[in-house]
Amino acid sequence: MKHIIILGDGMADHAVDRLGGKTLLEYANTPNMDHLARIGRTGRLLTVPDGFLPGSEVANATILGYDMNKVYEGRGPLEAASIGYEMEPDDLALRCNIICLENGKIKNHHGGHLTTDDSTQLIDLLNERLGSDRIRFVKGIQYRHLLIIKGGKKYIECAPPHDHPNEEWRKLLIRPKKGYEQEALPTVTLLNELIIKSQDVLYDAPLNVKRRAEGKDQANSIWPWGGGYRPQMKTLSEMYPQIKRGDVISAVDLIRGIGHYAGLHNIIVPGATGLADTNYEGKTQAAIEALRKDDFVFLHVEASDEAGHDGDLELKLRTIENLDKRMVGPIFEEVSKWDEPVAIAIMPDHPTPVEIRTHVKEPVPFVIWYPGIKPDDVETYSEVSCVSGSYGMLHLTEFMNEFMKEPSL
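The notes below deal with the structure included here. These numbers were taken from a predicted model, which means no experiment stands behind them.

## Some details on the overall build of the protein chain
Here comes step 1: For the protein chain, the count of helices and strands is 14 helices and 15 strands.
Here comes step 2: Projected onto its principal axes, the C-alpha coordinates of the protein chain cover approximately 60 × 45 × 40 Å.
Here comes step 3: For the protein chain, with 409 residues in total, the buried portion stands at 59%.
Here comes step 4: Expressed as a percentage of contacts within the protein chain between residues at least 6 apart in sequence, the contacts between residues at least 24 apart total 75%.
Here comes step 5: Here the protein chain displays about 16,500 Å² of accessible surface, and carbon together with sulfur accounts for 48% of that area.

This is the structure we're talking about:
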């Protein structure tokens, strides 16, 4: 049996008064996910272990079966793998957003939705003005980049910028972890100096001069977070013998990096943006073609998470409906015809409620279908309906263990 996970990042949400007290999954038009719920089995999953923040790096890796207490090193090293930066033993790798500050607060975590071409100009400028033998900025995608500190210490506390919209940035500067003050202080001091110096560098960048004249958001500060060393992870093939060869399809460096360490082949789809304008059809076709030859596909869609962080209710509803109509439907229609059975799982990694605009540590609903599965009594796919699912509440790596079980057909 082959397997595919279709993951709508941040797709889960809370009940919203504007929707008559329904969640977005309850309110959205999702006939294909609802159909899978009727003919499959459902449940809920806790994706974030105790002691961890509900970041996508933690939740997605947990869904894939990794014990975060054993392998977690932060977001930066995962994105380094995706970008193609081979970390040295003394490298501290941090995710480095280019963000928008306004009136002393974080206005948004994406610098006004930077394009990759625009952010490349800024990264080149930052390397020219602030880079050294010890400090290097590495280009990523859109607003998501990498900062490498040679000899840096990972015992630091950083504030992910998407978790702190409209908060004063100075109160969110990097601090040493408790108990590591002396060891981590030089790294903390260096990183905070880079944040402040970057604001002077970026203010004068031609891109921001132009944006100011046009009244657009400024891409006017770096924001490092999620630092760590090179992780030690087994591949999925080593963990699950059913997976002889697998693939990851995502527009996000973080997810590609997890896939790299998981031993998955990274499929790049033209027009995959990580936003609501992503190439749904291209990613869908790539997933179908990958399943024809390989055993496992992790198909990740970022758009719903970005809409949640922006607090855009209508856009998030549209991303959910697009995932249903342009991915779930065509994939199910195709693979259900095949002689070799394919198991499909639909789920988010964590909720990103539009009225909070940040990740929350709550269970997510999931559905599993494969030919011959005995359905439960759940009729629709949502945070509310899946409470009654026959899988009940799974914890952490239990999902992947359940998904990879060989069914008795």
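## Thoughts on the pairing of strand E13 (residues 342-347)
Here comes step 1: Among the 6 residues in E13, 6 count as buried, and that is most of the element.
Here comes step 2: Residues Val342, Ile344 and Ile346 of E13 are buried on one face, and the alternating residues Ala343, Ala345 and Met347, pointing to the opposite face, are buried as well.
Here comes step 3: Where strand E1 (residues 2-8) lies against E13, 6 bridges are found, and the strand directions are parallel. Bridging across to E13, His3 finds its partner in Ala343.
Here comes step 4: The pairing of E13 with strand E14 (residues 364-369) spans 3 bridges and is antiparallel. Note on E14: the bridge partner recorded for Ala345 is Ile368.

Rules behind the numbers
- Residues numbered from 1 in each chain as written.
- Predicted model: local features only at pLDDT ≥ 70, side-chain atom pairs only at ≥ 80, totals over all residues.
- Heavy atoms only, no water.
- Helix = DSSP H or I, 4+ residues; strand = E, 2+ residues; numbered from the N terminus.
- Buried < 20%, exposed > 50% of the residue type's maximum accessible area, 1.4 Å probe, protein only.
- Contact = heavy atoms within 4.5 Å.
- Areas by Shrake-Rupley, 256 points an atom, 1.4 Å probe, with all protein chains shown as cover.
- Pairing = 2+ DSSP bridges.

As far as function goes, none of this settles anything; it's purely spatial.
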